[in-house]
Amino acid sequence: MILIYLLKVSACTLIFFAAYQFLLAKLTFFNLNRAYLLIMLVLSFSIPAVTIENRQEVMVASQEIPSKIAYSNDGFVERDFVDDGNAANATINWDQVLMYGYCLVLAALVFRMLFMMARIQMQLRKHAIERSAAVILVDAKSTIKNCSFFNQIIVDSALQQEEKNLVIKHEYVHVKQLHAVDKFLVNFVTAILWFNPIIYFWRNAIDHNHEFLADRETSKVADKKVYASLLLNLAMPAKNLAINSFSKLPLKNRIMMLYKEPNAKLQKLAYLAIVPVLMICCMAFINRKEIIVEKTSVGNQASADAPTKPNVYAMNYLNSNIRVNPNAAFNEVEPTLVIDAGHGGKDGAVSSLDGQKEKDLNLRAVKILKEEAAKRGIKVILTRNSDQFISLRDRLPKQEATAFISIHHNATLANAAVPFGGIEIYVSKLNSNIKTAEDLGAGILSNLKQLKGMEVGDSLKNANLLLLRESKIPAVLIELGNISDSKTLDYINQEKNIRRISNLILDGFVAFSKRGC
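In this report, the structure presented in the accompanying data block is examined. (Residues numbered from 1 in each chain as written. Predicted model: local features only at pLDDT ≥ 70, side-chain atom pairs only at ≥ 80, totals over all residues. Heavy atoms only, no water.)

### As for the overall build of the protein
Helix and strand content of the protein: 16 helices and 14 strands. Split into buried and exposed, the 517 residues of the protein put 47% on the buried side. A separation of at least 24 residues holds for 77% of the contacts in the protein among residues at least 6 apart in sequence. (Helix = DSSP H or I, 4+ residues; strand = E, 2+ residues; numbered from the N terminus. Buried < 20%, exposed > 50% of the residue type's maximum accessible area, 1.4 Å probe, protein only. Contact = heavy atoms within 4.5 Å.)

Laid out in structure tokens, this is it:
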């Protein structure tokens with residue numbers, strides 16, 4: 001998630017800036033300080049973006065469900081009905097609210113920065129009275145004067161010639177050393193990290209360092225007292241962040257650095273302290289990703305060296321005594337599947353193109369799924385077997401069971417394009433048993449990929465839904481297609497197709513229930 005990444009970036013800027021303030025800020029190695037501030041700013045963004053992969057090979061039996069789970073996240077709205085038949089408020093997606101708020105402020109700050117730059121050019125065109133190469137003389141009414149803007153040096157025409165020469169010399173250092181590029185970069189980063197107070201101190205540090213560099217070069221050809229006096233006379237509040245101003249308040253640090261004796265070269269060893277600071281940030285904020293490379297063993301027997309995956313029954317979700325006997329036949333352990341037909345009663349949900357209610361399509365599909373399960377000897381418990389209203393919490397499995405599947409059909413608003421018409425499977429990452437839910441969902445999804453005539457999603461989808469979030473047993477929600485799509489509706493209206501889908505779902509459930517074998 002982008003906001004988590006930006007928080008890691010902010011943490012890096014805090015650590016790097018603290019090191020700068022305590023170790024480097026008072027040194028007169030201004031070029032090294034400039035390099036530090038720019039490089040560490042880039043590294044603050046780079047370190048949290050790095051991912052180190054740790055690959056591990058695991059031998060698995062041929063029937064194992066792949067453990068690599070892919071996710072895609074979009075659109076699912078949960079509703080529940082209270083006794084008066086009104087829908088309860090939909091859950092607010094705070095992640096999206098924060099993201100939209102962040103992007104809104106970012107856009108405003110970037111627009112402000114670009115507007116500032118455009119305003120400077122307008123001011124120059126309005127108040128320029130003389131141009132000579134890169135030097136522009138402006139009249140007394142100009143608010144942009146005695147500064148540099150990229151490769152342009154703007155000087156107040158009312159100054160004495162000696163004063164003009166000092167201003168030009170000072171600003172020429174900014175132009176020659178490309179300080180405007182630093183300012184543009186740090187202003188853009190400040191817009192990105194607007195919520196991070198450290199970045200404003202960082203921007204000021206870069207700005208001050210620019211002035212130290214320009215002051216040092218200018219003082220080589222001018223009397224320090226005369227130069228310091230001119231700085232004081234021309235000082236003004238800093239109003240524009242896009243320019244390098246000759247003299248802006250406060251001036252205390254600049255005057256102190258102007259008269260400070262250069263540090264001994266041996267003190268450059270202080271920069272070695274950056275190494276442990278950099279290592280701390282790398283260890284703390286570089287991402288680590290475990291990649292399991294599964295190799296299928298010969299036949300159905302796993303390698304003796306391969307780690308075995310835990311028996312899902314042994315996790316005892318509801319303090320059950322059910323256990324899988326690894327040597328027993330499937331029908332001897334009697335796995336139990338709880339199936340929920342979404343909606344029902346006064347909660348009719350949406351309607352299909354031909355007028356069928358989603359609640360009825362859900363119930364029809366669930367009954368067919370139960371019939372197919374019975375043929376295999378699989379015990380099935382339905383949350384509803386008729387057109388009745390049941391609250392979400394009452395649908396949660398109360399009994400010992402192997403897995404919980406909620407059946408739904410998707411729909412799209414009228415006159416809106418159907419983004420995806422096929423089958424999708426949801427789990428909730430907020431569930432404490434998410435890993436087993438992933439195994440169940442991935443296994444069913446893998447089997448559904450064999451389906452002909454209907455699309456199937458490429459990955460699991462994450463949804464903050466009560467049934468998935470609070471189920472004590474592995475739970476998935478399956479959307480059996482978008483009933484706003486005519487092609488999908490024609491497909492699911494045929495009973496043979498629903499039976500085919502049901503058997504593929506059951507194949508995934510059977511494989512899941514045997515994972516301890």
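The rest of the description comes next.
### Side note on the packing of aromatic side chains
This model, assessed by the stated rule, comprises 11 aromatic pairs. Seen from their ring centres, Phe 111 and Phe 115 are 6.4 Å apart, and the 20° between their planes marks the pair as stacked. Note that Phe 111 and Phe 115 are positioned in helix H3 (residues 94–127) at a spacing of 4 residues, about one turn of the helix. Phe 111 sits in the exposed class, given a relative accessible area of 58%. Chaining the aromatic ring pairs together yields one cluster made of Phe 17, Tyr 20, Tyr 36, Phe 201 and Trp 202. One residue, Lys 346, lies across the ring of Phe 389, its end atom 4.7 Å from the ring centre. (Phe/Tyr/Trp six-rings, centres within 6.5 Å; stacked < 30°, edge-to-face > 60°. Lys NZ or Arg CZ within 6 Å of the ring centre and 35° of its normal.)

### What about the sheet that holds strand E6 (residues 152–156)?
The 5 strands lie next to each other as E3-E4-E6-E5-E7, forming an open sheet whose pairing is mixed. Only two strands of the sheet have a single neighbouring strand rather than two, namely strand E3 (128–132) and strand E7 (244–245). One ladder, built from 4 bridges, connects strand E4 (residues 135–138) with E6; its direction is parallel. Opposite Leu 137, over in E6, you have Val 155 as the bridge partner. Against the sheet, H3 touches E3, E4, strand E5 (147–149) and E6, its axis set at about 95° to E3. Against the sheet, helix H4 (residues 161–176) touches E4, E5, E6 and E7, its axis set at about 160° to E6. (Pairing = 2+ DSSP bridges. Axes fitted to C-alpha atoms, helices over the stretch in contact; angles between N-to-C directions.)

### Looking at the side chain of Asn 33
Mapped onto the secondary structure, Asn 33 falls in helix H2 (residues 30–46). The exposure class of Asn 33 is buried, given its relative accessible area of 0%. Setting aside its immediate chain neighbours within four residues, Asn 33 contacts Tyr 20, Leu 24, Ala 25, Leu 27, Asn 209 and Tyr 271.

### Notes on a nonpolar patch on the surface
A contiguous nonpolar surface patch, about 400 Å² in accessible area, is contributed by Val 275, Met 279, Ile 280 and Met 283. If you trace the backbone, Met 283 turns up in helix H9 (residues 274–285). (Patch = residues over 30% accessible without salt bridge, like charges linked within 9 Å, V, L, I, M, F, W, Y side chains within 5 Å. Areas by Shrake-Rupley, 256 points an atom, 1.4 Å probe, with all protein chains shown as cover. Salt bridge = Lys/Arg side-chain N within 4 Å of Asp/Glu carboxyl O.)

### Focus on the packing of H4 against helix H7 (residues 224–233)
Each pair of packed helices gets described by two things: the angle between the helix axes and the distance between those axes. One way to put it is that H4 packs onto H7 with a least axis distance of 11 Å and a crossing angle of 90°. In terms of orientation, H4 and H7 fall into the roughly perpendicular class. Residue-level inspection shows Glu 162, Glu 163, Leu 166, Val 167 and His 170 of H4 in contact with H7, the latter providing Val 226, Tyr 227 and Leu 230. (Parallel < 35°, antiparallel > 145°, perpendicular 65-115°, else oblique.)

### So, the state of the cysteines
Following the criterion strictly, the structure yields 0 disulfides and no others. Left unpaired, Cys 12 is separated from the closest cysteine sulfur, that of Cys 281, by 4.4 Å. (Disulfide = S-S within 2.5 Å.)

### Some points on the nonpolar core
In terms of nonpolar packing, the biggest core is built from 44 residues, with Leu 337, Ile 444, Leu 448 and Ile 478 touching the most fellow members. Here this core gets 8 residues from one element, more than from any other, and that element is helix H16 (residues 495–513). Not counting residues up to four positions away in its chain, the partners in contact with Ile 444 are Ile 405, Ile 425, Val 476, Ile 478, Ile 505, Gly 508 and Phe 509. Ranked by size, the runner-up nonpolar core spans 35 residues in total, among them Tyr 20, Leu 38, Ile 198 and Tyr 271. (Core = buried A, V, L, I, M, F, W, Y, C linked by side-chain atoms within 4.5 Å.)

### As for the pairing of E4
Here E4 shows a buried face lined by Val 135 and Leu 137 and a second buried face lined by Ile 136 and Val 138. Direction of pairing for E3 relative to E4: antiparallel, over a ladder of 4 bridges. Paired with Arg 131 across the strands is Ile 136, a residue of E4. Adjacent in sequence and paired antiparallel, E3 and E4 are bridged by 2 residues, among which Ala 133 carries a positive phi angle near 55°.

### Thoughts on the pairing of E6
Counting buried positions over the 5 residues of E6 gives 5, a clear majority of the element. Note: E5 against E6, 3 bridges, orientation antiparallel. Bridge pairing in E6 places Cys 147 opposite Ile 154. Where E5 folds back on E6, the antiparallel hairpin that results is connected by 2 residues, among which Phe 150 adopts a positive phi of roughly 55°.

### Observations concerning the environment of Phe 195
Its place among the elements puts Phe 195 in the loop between helix H5 (179–192) and helix H6 (197–219). Counting along the chain gives 188 residues from Phe 195 to Leu 7, while the straight-line C-alpha distance between them is 9.5 Å.

### Comments concerning the pattern of salt bridges
This model, assessed by the stated rule, comprises 19 salt bridges. Across the pair Arg 34 and Asp 182 runs a salt bridge, and its minimum N-O distance is 2.6 Å. In this pair, Arg 34 is assigned in helix H2 and Asp 182 in helix H5, connecting sequence segments 148 residues apart. Here Arg 34 matches Asp 182 in class, with each residue buried. Notably, a salt bridge pairs Glu 217 with Lys 220, separated by 3.3 Å at the nearest N-O pair. Residues joined in a network through salt bridges with shared partners are Glu 371, Glu 372, Lys 375, Glu 495 and Arg 499.

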